[in-house]
Each structure stands twice: as C-alpha cells, then as structure tokens.
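Here's the letter readout for the chains.
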Protein chains: 2
Amino acid sequence: MKIIIDAMGGDNAPLAPVEGGLRAAKELGVEVLFTGREAELRAALGKLGHPEMPQGVEIVPASEVITMEDNPARAFKDKKDSSMTVGLNLLKEGRGDAFVCAGSTGALLSGATLIIKRIRGIRRAALAPVIPTAGGGCVLIDSGATAECTPEYLLQFAFMGAYYARRFLGVAEPKVGLLNIGAEASKGLELQKTAYDLLQQADAQGRIHFAGNIEGREAVCQGVDVLVCDGYSGNIFLKTIEGTALFMSQCLKEMFLSSTKTKLCALAMKEQVAQLKRRFDAAEIGGTALLGISKPVIKAHGSSSAYAFFNAVRQAKLVAESGIIQDIDANVEHMRLTAEPSAQ
Amino acid sequence: MKIIIDAMGGDNAPLAPVEGGLRAAKELGVEVLFTGREAELRAALGKLGHPEMPQGVEIVPASEVITMEDNPARAFKDKKDSSMTVGLNLLKEGRGDAFVCAGSTGALLSGATLIIKRIRGIRRAALAPVIPTAGGGCVLIDSGATAECTPEYLLQFAFMGAYYARRFLGVAEPKVGLLNIGAEASKGLELQKTAYDLLQQADAQGRIHFAGNIEGREAVCQGVDVLVCDGYSGNIFLKTIEGTALFMSQCLKEMFLSSTKTKLCALAMKEQVAQLKRRFDAAEIGGTALLGISKPVIKAHGSSSAYAFFNAVRQAKLVAESGIIQDIDANVEHMRLTAEPSAQ
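Not measured: the values here are computed from a predicted model.

**Q** Which residues make up the interface of chain A and chain B, and what values do they have?
**A** Interface extent is often summarised as the accessible area lost during association of the parts. Contacts between the two partners involve 50 residues from chain A, matched on the other side by 50 residues from chain B. Summed over both partners, the interface of chain A with chain B comes to about 4600 Å²; 75% of that surface belongs to carbon and sulfur atoms. The partner of Lys239(B) in a salt bridge is Glu215(A), and the shortest N-O contact between them spans 2.3 Å. Summed over the shared surface of chain A and chain B, the result is 12 residue pairs in polar contact (both at pLDDT 80 or more). Listed by contribution, the elements that provide at least two residues to the side of chain A that touches chain B are strand S6 (130-133), helix H8 (216-221), helix H9 (231-256), helix H10 (260-268) and helix H11 (270-279) of chain A. Split into classes, the residues belonging to the side of chain A that touches chain B amount to 26 nonpolar, 16 polar and eight charged.

**Q** With reference to specific residues and values, describe the pattern of salt bridges.
**A** Oppositely charged side chains may form a pair once their charged atoms are brought near each other. Residues and elements named next belong to chain B. This model, assessed by the stated rule, comprises 30 salt bridges over all chains. Ionic pairing is found between Glu58 and Lys2, a salt bridge with its closest N-O pair at 2.9 Å. Here Glu58 is found in strand S3 (residues 57-61), whereas its partner Lys2 is found in strand S1 (residues 2-6), with 56 residues between them in sequence. Asp327 serves as the salt-bridge partner of Arg167, at 3.0 Å between the closest nitrogen and oxygen.

**Q** Outline the sheet that holds strand S9 (residues 209-214) of chain A, listing residues and values.
**A** Residues and elements named next belong to chain A. The five strands lie next to each other as S6-S7-S10-S8-S9, forming an open sheet whose pairing is mixed. Edge positions in the open sheet fall to S6 and S9, since each of these has one partner strand only. The sheet shows a mean angle of 30° between the axes of neighbouring strands, taken without regard to direction. As paired strands, strand S8 (residues 175-179) and S9 are joined by four bridges and run parallel to one another. When the sheet's bridge partners are listed, Lys175 is paired in S9 with His209. Sitting on the sheet, helix H7 (residues 190-204) is in contact with S8 and S9, with an inclination near 160° to S9.

**Q** Give a description of the packing of H9(A) against helix H11 (residues 270-279) of chain B that names residues and reports values.
**A** Helix-helix packing is characterised by the crossing angle of the two axes and by the distance between the axes. Packing of H9(A) against H11(B) leaves a shortest axis separation of 10 Å and a crossing angle of 155°. The angle between the axes of H9(A) and H11(B) places the two elements in the roughly antiparallel class. The handedness of the crossing between H9(A) and H11(B) comes out as right-handed. Residues Phe247(A), Cys251(A), Leu252(A), Glu254(A) and Met255(A) of H9(A) lie in contact with H11(B), whose contacting residues are Gln272(B), Val273(B), Leu276(B) and Arg279(B). Taken together, the residues of the contact of H9(A) with H11(B) sort by class into six nonpolar, one polar and two charged.

**Q** Any chance you could break down the relation of the copies chain A and chain B for me, citing the residues and the numbers?
**A** Overlay of chain A on chain B (RMSD 0.0 Å): rotation 180°, translation along the axis 0.0 Å. Each copy turns onto its partner about a two-fold axis. Residues of chain A ranked by C-alpha distance from the rotation axis are headed by Cys265(A), positioned 2.7 Å from it. Comparing interface residues between copies, 100% of those in chain A also sit at the interface in chain B, which points to an isologous, same-surface contact.

**Q** Please provide a residue-by-residue account of the side chain of Lys2(A), values included.
**A** Residues and elements named next belong to chain A. According to the relative accessible area criterion, Lys2 is buried, its value standing at 17%. Here Glu58 takes part through its side chain, which lies 2.9 Å from a polar atom of the side chain of Lys2. Not counting residues within four places of it along the chain, the set of residues in contact with Lys2 comprises Glu31, Leu33, Glu58, Arg95, Gly96, Asp97 and Ala98.

**Q** I'd like to hear about the packing of aromatic side chains, residue by residue, with values.
**A** Using the criterion set out here, one finds eight aromatic pairs over all chains in the structure. Between the aromatic rings of Phe159(B) and Tyr163(B), the centroid separation amounts to 6.4 Å while the plane-to-plane angle is 50°, which identifies the pairing as tilted. Pair noted here: Phe159(B) and Tyr163(B) are both in helix H6 (residues 151-168), with a separation of four residues, about one helical turn. Accessibility assignment for this pair places Phe159(B) and Tyr163(B) in one class, buried. One residue, Arg23(A), lies across the ring of Phe310(A), its end atom 4.0 Å from the ring centre.

**Q** Which residues make up the pairing of strand S3 (residues 57-61) of chain A, and what values do they have?
**A** Residue and element names in this part refer to chain A. Inspection of the sheet shows strand S2 (residues 31-36) paired to S3 by five bridges, in the parallel sense. Looking across to S3, one finds that Gly36 is bridged to Pro61. In the classification by handedness, the crossover that spans S2, the intervening helix H2 (residues 38-47) and the parallel S3 is right-handed.

**Q** Quick one: what's the story with the packing of helix H6 (residues 151-168) of chain A against helix H13 (residues 324-331) of chain A, residue by residue and with numbers?
**A** Residues and elements named next belong to chain A. At a minimum axis separation of 10 Å, H6 and H13 run at an interaxial angle of 145°. Crossing angle aside, the handedness with which H6 passes H13 is right-handed. Only Ile324, Asp327, Ile328 and Asn331 of H13 make contact with H6, whose side of the interface consists of Met160, Tyr163, Tyr164 and Arg167. Split into classes, the residues belonging to the contact of H6 with H13 amount to five nonpolar, one polar and two charged.

**Q** Please give an account of the sheet that holds strand S2 (residues 31-36) of chain B that cites residues and values.
**A** Residue and element names in this part refer to chain B. As summarised here, the arrangement of the seven strands in space is S3-S2-S1-S4-S12-S11-S5, forming an open sheet in which the pairing is mixed. On the outer flanks of this sheet lie S3 and strand S5 (126-128), each paired with one strand and no other. Mean inter-strand twist for the sheet, computed between neighbouring axes without regard to direction, equals 25°. For strand S11 (residues 287-291) and strand S12 (residues 297-300), the ladder comprises three bridges, and the chain directions are antiparallel. By the bridge assignment for S12, Ala289 is matched with Ile298.

**Q** Could you give an account of the side chain of Asp230(A), with specific residues and numbers?
**A** Summarising the element assignment, Asp230(A) is placed in the loop between strand S10 (226-228) and H9. Buried charge without a partner: Asp230(A) forms no salt bridge, and the closest opposite charge is Arg124(A), 13 Å away.

**Q** An account of helix H12 (residues 306-322) of chain A is requested, with residue identities and associated values reported.
**A** Residue and element names in this part refer to chain A. End to end, H12 covers 24 Å across 17 residues, agreeing with the expected 24 Å (1.5 Å per residue, within 8%). When H12 is considered as a whole, its buried residues turn out to be Ala306, Ala308, Phe309, Phe310, Asn311, Ala312, Val313, Gln315, Ala316, Val319 and Ser322. At the C-terminal side of H12, Gly323 shows a positive phi close to 80°.

Analysis parameters
Residues numbered from 1 in each chain as written. Chains lettered and ligands numbered in written order. Predicted model: local features only at pLDDT ≥ 70, side-chain atom pairs only at ≥ 80, totals over all residues. Heavy atoms only, no water. Contact = heavy atoms within 4.5 Å. Buried area = accessible area lost by both parts, 1.4 Å probe. Salt bridge = Lys/Arg side-chain N within 4 Å of Asp/Glu carboxyl O. Polar contact = N/O pair within 3.5 Å; in protein donor to acceptor, adjacent residues only side chain to side chain. Helix = DSSP H or I, 4+ residues; strand = E, 2+ residues; numbered from the N terminus. Nonpolar A, V, L, I, M, F, W, Y, C, P; charged D, E, K, R; others polar. Pairing = 2+ DSSP bridges. Axes fitted to C-alpha atoms, helices over the stretch in contact; angles between N-to-C directions. Parallel < 35°, antiparallel > 145°, perpendicular 65-115°, else oblique. Left-handed = near helix turned anticlockwise from the far one by under 90°. Least-squares fit on C-alpha atoms with pLDDT ≥ 70 in both. Buried < 20%, exposed > 50% of the residue type's maximum accessible area, 1.4 Å probe, protein only. Phe/Tyr/Trp six-rings, centres within 6.5 Å; stacked < 30°, edge-to-face > 60°. Lys NZ or Arg CZ within 6 Å of the ring centre and 35° of its normal. Right-handed = clockwise from strand over helix to strand, strands pointing away. Lys, Arg positive; Asp, Glu negative; His and termini not counted. Expected span 1.5 Å × (residues − 1).

And the structure:
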C-alpha cells in the first residue's frame, strides 16, 4: 500500500509531514510518496538523518503551494503544479492508494470533488472527524465541508457515517442521532424536520439505526455513534467542543499552579492529567476522512505535528483497506430521494 | 420593588422557587409575589418554617400548571389560570416589576410576546444568557428563542446584547462578535453574510463595536462581550458548552478517584475544584433575560435549585432597575432596515 502525502500542507510543513511520513513508512508497513518542492523535501529528509532517499519513500516534485489566501474553489486549478493538485492527480491515476493533506480544507474539498470525483449518486462530500464523547468516539458528519444542506444530503451523511462508524469504531449497529435543538420530532428548522422523517424511514426499512434528535449537550456528555448535521451546525458544534476543552484546560492549569500544595498535586497526577489531555487531543486521531469521494482522501489538521501526520497516514491506510467506499457505492440507491423507498 | 415568581415552574417546584423567593425577600430588599396553587404554596411555606405568610410575601392563586407536554404556542391561552399566565398578566397590569419563571421556554416566550408585547419596533424577542468564557462573561444572543432569523433580527440582537452587556457586565464599549464558521467576511450562509454587512454599517455609524466573525472555538477560549447568532446556532453552541463542561467534569472526577494518591490530591484541592465547578455552573447566574419584551421577564433554568431562583430574582431586580428596556426603546430606529442608515 502506498500513501501519497502533501508535504507542503499545514503550519509545520515540510518537516512535520516528512517526519510523520517516514515514521509511518517504518512502522506501518506502507510506502509513502511525498509531493512538494524537491529541494525542500530533500533538505527536510537530510535534517531528519536521511541524506539518501530511504527505502519505500518517493518524491514527486511539485513547484507550487496552495495557501490560505488562495480562492478555495479555484486554487487546485490555478496552481496546477501545487503539491495538493499533483497529489490528487497521482491518486486519480492510481499511483497511490490514499492521499493525506493538511492544506486548505476548502481547496482540498474542491480539488477532491473535481479531480477524484464523488461516488456516483452521492450529492456532496462530508468531513467526518471522530470526536471524543462520554460514549466513546462519535463520527460527526458533516463538520464543515458542506455548510448548506438539503434533507437528502443529511440522509446520505447518515448512511456514510454509519458505514464509517462500523468500520472505525467497531460498532456493529451504530446509533445515528440528528443534531437538533430539542429531542421532539417537531424541533428545529425545516431542514431538520424533513431529515428526521427521512432518517425514520431509513430506520423503518432496517437500513440504519436512527436514535432520533439529540441536543448539543447530550451529544457530548452521553453520545451517539454517528451525529448527523449540516456543515454549518457541525462546524459550530466541533469548534465549540474544542474551545470549551481548551478553556477548561487553561482553568485546570491555573488551578494546579495556584499554590505550592496544588503544584505538588500536579506533580503527583502528571500521568492522569496527560491522559485527560490526550483524550481531547486532535493529534491522536490524526485526520478526518472526506467521505463521499471515490478514493480515500484524509484531511489532516492544519496545525498537525509529525505525530499527527503519522496518525493521519495510519488512518488513510485503514480507510483504504476498509472497503468503506465500496459500502457506500453498493448502497447509494437507498440514500436517494428519487429511489422508491417502498420498492425494497 | 416587587418580583413576581411562577412558583409552579421548573423541576423542583414549588419548593425551590418558594425557598429562593423567600431568601430574596429577606436578603435583597424586594417583595415577592408567588403565583400557583395556594394550598401547595402554603404547604411549601410551612415546610420552610413559615406557617404564617412572611412580610413582603404574597400569593396570587392560579389553579393550573403549564407542562412540557402543552403546546408552547397556545399553552398560555389554553391554560388561562396557569401560574405562568397569571404571572404574566400581573406583570402587564403593573402588579409587579419583573417576572421570574422556570417553566417551558416556548410557552413563556409566546406568553410574554402576546400578553406583555415586544418593545415597539423589535421584531423578535431573544434569550440572552451570560455564558462563561476565557474573556470573562459573554452575552449570548439568541440562545434559542427565535430559531430561524433574518439579518435584521441579528442586527437587533446585536444592539440589545450590547445594551445588556453594558449594564450587566459593566463593559463601556462591548465588543460584538458574529458567530460563524470562519473569520472572513465571506464565511457562513446568506444570513451571516448579510448580517455581517449590517453590523459593519452599525459599527461605521459608531452605534456598536463590531469585532467581526468569530468561530465557536475562539468564542469560548478567547471570548467577546456579545455573541450574536440565530437561535438555532446559539442553542447548539450553548448546549455544546454545557455538554463538554459536564463531560470534562466527569473525566476530572474519574481522574481524582483513580488511586489513593489522586484521592489525596482531590482532598487537598477541594476548594479549587469547587471554584472551577462554580465557574461553569448555571445556578450562579440564575436566569436568562428575555430581551425585546417591554417589561422584565427572566427565564430561570428548568432544573433551578432554590439558590438558582434566588439568583434569578436578583437578576430580575437588576434588569428592572437597569433601564435597559428604555435603552432599547430609545434606539429602536437605528435597529431597523427601514431606517436610512446614511441619514444619521
């Protein structure tokens, strides 16, 4: 298996993606292919103790870099020789099995949609990070790829999220919840009300296990396996968890630094505090699958460290091996409003 | 000053509202007027050591109770003799200066809008809780009263939130942020894009201090003074903070209970942990002002304890004394799209 890595994407490029990729090549039994400016990548390799190209590592040169200033919708076309566009084209041509990229989410989404294409019948791609909740992990779909959604998109997100949860969380029958502002079926805007009906129909047909509406509070402190929402709400939800976790960590730190006594406690509980931090740390998961695209594309966090890239490559390998794209492709007829639900 | 309290609303009624109200009468120099079933209220008073009616305390009987099962839009009409409807009518008639209620939010909103009425020119009422952020307190407006909004509503929320922050957070020039999925002006749905322009115009006219778009993460871990959003997003935001804080508290508890050593730390840090908990505790704030209504109406949390009711009464007193309704009324022309912005 070969994983293509955009070695110029993210705040810590090229060193972090190269270091994470090298570790993955060594520990995960995969080959890696870096795209980016060859001189910079060779310099990074040298810095990491590899004056010669290590085995299982390859570079495909790309002279340009897509930045946050580029227009997300056009960047992949405007910069045809960017590390992102070159990487996506290599994936399309079958030169690798998955693509990992920490660059602009919008540009990656447009590029993946137009170069790799969506799975036939899937209306929109979705970013589906696994988030920490009291119930274990939860697939949040969509977390911001498609801000404005139709009920049909949400239906498709529910199916894709359920397949993903089955493969990645190991849950045989994932419970799917619809993010909403109340538990009753009548709650929310038109979007949620119509989506509720569609999800209930899919549940009645035995295709997904719909657990109903779920509020932001219960979504975190109780949890479902798959949380379905439009990209706008999902992004607010995800970022609010991040912000609250960060704020509470700051409070905790203050608390532990407030006196000699508390400092001793901090020392005594070092291991437990580190564990708590890890539980909320994005680097542990690595990346977010872009579901609905016909080949595995993994968005790594913009601030990814080498360790986060390593984990993103591991996740890319899992996605490529999992057969989830085949799952979606084989069931796409059940996710479309044009299909006759009662014909099944 | 006299505060009317719906003594039948909330999970702990009538004991909690009666106990909180009694304490307020004793400590805050206000009179309180309870609405509800007289026999139950007298029994609660007796249980609290008051076989006779204490000074400054009054009961106005109401035989019905609005429950969560009642239709929120019609409940106040269907149950004309409910503790909520009677309380709202007393406020309308000037029998008290403010109304505190822990009953159904939807029913209270409908009742307040149709019995007390909105301030002339205000299109929709908003629930504006003060939430804990790293920047201190933040007025979140709207947190769920008006799920679906127009850009004009958001403009009005910004003004009302700013007046509220000035009076209650003591910030001379409150920074107003628009909750969004990115910082750039082009981010979000049509609603946010149009609202961004309106808020920028109001800022250019020197009427509010608009700090631009703010993401969920920064809204919590950095903070603004006023966070403007539609009720749907605001509710997701608020509940997600609650859920994450609760989840992290559970994790902390597990952490402190994991060994003898950590248990000793928990004991040593009892005071600090309690302080941290208080920082995220809704009971400390007490209630949420229903802004845009022409008289002070305070929504207390459904699970309010006696202490939370006490704080809600304190907040009701502050709102009644503050002149915020006059602030809004005097400036309503600047909050309307029909007004000519350049005429100023």
